[in-house]
Every structure is written in C-alpha cells, then in structure tokens.
Amino acid sequence: MSFYEFRKRILEEKQKREKQQRKQERTGGTYQESVVGRNKFSVALLGLERAGKTSLVKKLLKQEDIVVRPTYGINLENYQYRDLNFTCFDLGGHQPFRLSLWKKFIERADSVIYLVDSADHVRFEESKQTFWHYINFAKQSAPVLFLANKSDLPNSKELTEINEAFELDKFLRNLRPFNIKKVSALTGQGVYEAWDWVVDVLCGAQQWKVKIGAAVLADISGNILSEAIFGRPTEQAEIANDFKKLKELTRMFAVESKESIQSVKLESLFKKHVSHVKRGAYCLSVMIDPIDPVTRAQQIQLRILENFSRNPTEVKKNLNEVFESKFPLEVEGGRR
Ligand SMILES: Nc1nc2c(ncn2[C@@H]2O[C@H](COP(=O)(O)OP(=O)(O)OP(=O)(O)O)[C@@H](O)[C@H]2O)c(=O)[nH]1
Ligand SMILES: [Mg+2]
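Counting restarts for each chain, with residues numbered from 1 along the sequence as it is written. Chain A is the first chain written and ligand 1 is the first ligand written, with later ones labelled in order. Where totals are concerned, whole chains, interfaces and linings use all residues; where local detail is concerned, this predicted model gives features only for residues with pLDDT of at least 70, and gives and counts side-chain atom pairs only at 80 or more.

**Points about the overall build of the protein**
Reasoning step 1: Under the scheme used here, helices are H or I runs from DSSP no shorter than 4 residues and strands are E runs no shorter than 2 residues, and both carry numbers assigned from the N terminus. Scanning the protein from N- to C-terminus turns up ten helices and eleven strands.
Reasoning step 2: Contact between two residues is assigned whenever their backbone-derived C-beta positions fall within 7 Å. Considering only contacts in the protein between residues 6 or more positions apart, those separated by 24 or more positions represent 67%.

This is how it looks when you write it as structure tokens:
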C-alpha cells in the first residue's frame, strides 16, 4: 500500500469514527476510544536509522530472505497474529523522516515499539533524546515497548546498562504499560516474546487461553522425568511425530542451559512452537500453536516449576495430572 492510499484509508476511518461518535452522542452514549473487543490494531516502530525496525518487521512476517534497505518515509505492513490484524508503521529513522512523519503516526498508533541498536553505544545519547521527545506524542494508554536490538552482537549492552543510559526507570512511575526487552531481529531471539507482550497488553492478557498440546519435564542433565500429550486422540496422533522432536529439544535445552539457574527459549517445529523454561533443577517444555500467546504459556510453565521447587513430591506426579489439576481451561483449549 502506498503512503497516499494509506492516507486515504486513514481519512475514511476518521470519517467513520466521527460518524459513529455523532450517532452515539445522538443516542445518549458517550464515545470512548477503546481497544476492548477490537481485532485491528496499529503499532508504530521507532528508532534511529539502522536500529533494525524493518528487519524486525520482516522477521515477524517471516520474510527474512528479503534484503532490507533503509526506509524512505514509511513502510506499511499488515501482520496477522493469533486472530488479530496489525498495521505496522515501520517509520524511516533518518532525521528528515523523524521530523516530517513520526509525530502523526505515533499519535495514531495503539502501541509504540522503540528500537535501539544496543551495540551502537556512540549514538545512545542521540537515541535517548529522540525516544524521550517522541514518546510524548503517544496516546496516553498506548503500551510502550523498548527493544534493545542486535543483542547477537558481542559488544551489545545488557538491559541494565541500557536502562540506565536511557533513564527508563522514569517509566516505572508512569501509568502506561511499559516493558524493555532484549531482541535480535537478525536471529529472531526474543522477537515473538516481545510481540506477545504488546498483544497481551492490548487485548488484556487474561482473556487469552493457551492450548498446550504436549509437555516434557527434564532435569538439568537432560533426563526426561515425565511427559504428556494432551487433547483428543486425533490431535494426539497428529502431534506424535513432533513429540519425539519435543523430547529431543528438551534434552538439548536442559544440557545447554545447565549453567544458568533460569532460562527461557522458544523454538519452532513444523506447525507448532516449543517453549522451554528452566528454573532451578528442572526444565519444562511445552508445545503450543503459533497463534497462541507464548508469554501466557511461559507464565504457566514458571508457576508449575515454582511449585516443583516448593514441593518436590509434585515432580513425581505425571504431567497430565499436574496440568489438568491446575490449568484445566488452558489444556482443554481456549479462545480461537
Ligand atoms: N547483527 C544484527 N544486525 C541487525 C539486526 N537487526 C538489524 N540488523 C542490521 O542492521 C541494518 C539496518 O537494519 P534495518 O532493519 O534496515 O534498520 P531500520 O531501523 O529499519 O533503518 P531505517 O529504515 O533507515 O530507519 C541492516 O544491515 C540489518 O541487517 C540484529 O538484530 N543484529
Ligand atoms: Mg527501515
């Protein structure tokens, strides 16, 4: 879609909204802009040039093979995730575009994602000024996600350093939802989890159920302690092959992350996602549909693992029981 087509669409939407507002005023109702019940959202991606905005969008759209070029003006992409539609305003980061375009797209966006090249320390100050200046134009309730991109580079800064350099703690006193995450738009590390956070905030995380297809529990030496496949027999047959792979991936993850007390990883199988979470002496992996919220699955995994460390006898129970007694709704399937 060209910029002009997009502008036409925005104008049409504005007219529609005004019409709706007039109608509601006539019928005595108050018009309030709200995200409740909506399935279309817009997300503005901001950051200096070369921060990795276009690369992030291409990663989400699984178009990694396309060579990214600097964005002149704006690149508009439609992205479908779970059963929602997102329009991504991938804005050019060069100064002329910041001055001419950013404000009007930020004001319109339901959520703002700001990217910084976490390996480009020299430009941190400029990036910080840019962030704090433009964030003022975001809607009051819009969730803001700050992404420390290029975390795959050896000289990239850690989140604590970035937090300090950009004075992000100020956001903790702010009422809007805010989060900071480390990602790599190149390798995809953290990208879906980050997007999930935005989606969860926009939709209200609690209304989302996650359908867990299978689960594997291992110790940190890679020994499988318990395993389970959920769902109806037809669904079980469908994931039987992937299940072998799930066990293998769990063993590998357990051994790889032996040194760390806590770690999280997301991998893709053919049509599913695998979320691994390690806490203390155990790793729990679950298989979920790619449209389901990874962060929700990880919350469930963490709660189960925490329960194991408080109550070691729980580990001996089979995983069917653990999931079904604690999270019956999630296991049986949720909103589609
Ligand atoms: N190593 C590494 N390189 C990245 C990453 N993300 C983006 N890049 C590279 O950084 C360069 C700039 O990426 P873009 O996605 O074009 O950056 P942008 O923010 O869209 O830049 P503008 O469109 O000019 O505002 C490209 O060469 C990317 O391949 C990352 O996570 N790691
Ligand atoms: Mg770009």
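The structure having been displayed, the exposition proceeds.
**Regarding the site of ligand 1**
Reasoning step 1: Think of it this way: take the backbone, place a C-beta atom on it, and check whether that atom is within 6 Å of the molecule or strand, in which case the residue is near it. Residues in contact with ligand 1 amount to 21 residues; listed here are only the nearest, Gly52, Thr54, Ser55, Thr71 and Gly93.
Reasoning step 2: A total of three residues in the shell around ligand 1 trace back to one element, the largest contributor, which is helix 2 (residues 53-60).
Reasoning step 3: Class assignment for the residues of the shell around ligand 1 results in six nonpolar, ten polar and five charged. The nonpolar class holds Ala, Val, Leu, Ile, Met, Phe, Trp, Tyr, Cys and Pro. Asp, Glu, Lys and Arg form the charged class, and all remaining residues, Gly among them, are polar.

**Details of unusual backbone geometry**
Reasoning step 1: Phi is positive for arginine 50, close to 70 degrees, though the residue is something other than glycine.
Reasoning step 2: Relative to the assigned elements, arginine 50 resides in the loop between strand 1 (40-46) and helix 2.
Reasoning step 3: Look at arginine 50 and you get partly exposed, because 18 C-beta atoms sit within 10 Å.
Reasoning step 4: Residue lysine 150 is not a glycine yet carries a positive backbone phi of 65 degrees.
Reasoning step 5: Within the secondary structure, lysine 150 sits in the loop between strand 5 (144-149) and helix 5 (159-165). Counting other C-beta atoms within 10 Å of a residue's C-beta gives its exposure: the residue is buried at 20 or more, exposed at 12 or fewer, and partly exposed in between, where C-beta atoms are placed from the backbone.

**What about the sheet that holds strand 11 (residues 282-288)?**
Reasoning step 1: Pairing is antiparallel in the open sheet, where five strands are placed in the order 8-7-11-10-9. The strands lining the two open edges of the sheet, one partner per strand, are strand 8 (224-229) and strand 9 (262-268). Strand-to-strand twist of the sheet, defined as the mean angle between neighbouring strand axes without regard to direction, takes the value 10 degrees.
Reasoning step 2: If DSSP finds at least two bridges between two strands, the strands pair. Of the strand pairs in this sheet, strand 9 and strand 10 (residues 273-279) are connected by seven bridges, and their pairing is antiparallel. Bridged to glutamine 262 within strand 10 is arginine 279. Here an angle of 0 to 180 degrees is reported between the N-to-C directions of two axes, which are lines fitted to C-alpha atoms, with helices fitted over the stretch in contact.

**Digging into the environment of alanine 165**
Reasoning step 1: Secondary-structure assignment places alanine 165 in helix 5.
Reasoning step 2: Alanine 165 sits 40 residues away from glutamate 125 along the chain, and the two C-alpha atoms are 7.8 Å apart.

**Points about the nonpolar core**
Reasoning step 1: Any set of buried Ala, Val, Leu, Ile, Met, Phe, Trp, Tyr and Cys residues joined through C-beta atoms within 7 Å is what this text calls a nonpolar core. In terms of nonpolar packing, the biggest core is built from 77 residues, with Val43, Ala44, Leu45, Val112, Ala214 and Ala215 touching the most fellow members.
Reasoning step 2: The leading source of residues in this core is helix 6 (residues 191-203), at ten residues.
Reasoning step 3: The split of the chain into domains comes from an automatic or database domain assignment. Shared between two domains, this core holds at least three residues of each, these being domain 1 (38-205) and domain 2 (208-332).
Reasoning step 4: Ignoring any residue separated from it by four or fewer positions in sequence, one finds alanine 215 in contact with Ala228, Leu284, Ser285, Val286, Leu319 and Phe323.

**A short note on the environment of serine 268**
Reasoning step 1: In this structure, serine 268 sits in strand 9.
Reasoning step 2: In the structure, serine 268 is positioned 22 residues away from proline 290 in sequence and 8.3 Å away in space, judged by C-alpha atoms.

**Re helix 2**
Reasoning step 1: Most of helix 2 is tucked away, with seven of its eight residues classed as buried.
Reasoning step 2: Buried within helix 2 we find Lys53, Thr54, Ser55, Leu56, Val57, Lys58 and Lys59.
Reasoning step 3: Of the surrounding secondary structure, the elements contacted by the buried residues of helix 2 are strand 1, strand 2 (74-81), strand 3 (84-91), strand 4 (111-117) and helix 6.
Reasoning step 4: Once helix 2 finishes, lysine 62 follows within two positions and takes phi at roughly 55 degrees, a positive value.

**Details of the sheet that holds strand 3**
Consider a sheet: its strands pair through backbone hydrogen bonds, and that pairing is either parallel or antiparallel.
Reasoning step 1: In spatial order, the strands read 2-3-1-4-5-6; together these six strands make up an open sheet with mixed pairing. Edge strands, defined here as strands with exactly one partner in the open sheet, are strand 2 and strand 6 (178-182). Shown here is a sheet whose adjacent strand axes are inclined to one another by a mean of 20 degrees, direction ignored.
Reasoning step 2: Sheet analysis places strand 2 next to strand 3, joined by eight bridges and oriented antiparallel. Residue pairing in the sheet places tyrosine 79 in a bridge with phenylalanine 86 of strand 3.
Reasoning step 3: Relative to the sheet, helix 3 (residues 95-108) contacts strand 1, strand 2, strand 3 and strand 4, its axis offset from that of strand 3 by approximately 160 degrees.
Reasoning step 4: Its contacts with the sheet put helix 6 on strand 1, strand 2, strand 3, strand 4, strand 5 and strand 6, and the angle it makes with strand 5 is roughly 180 degrees.

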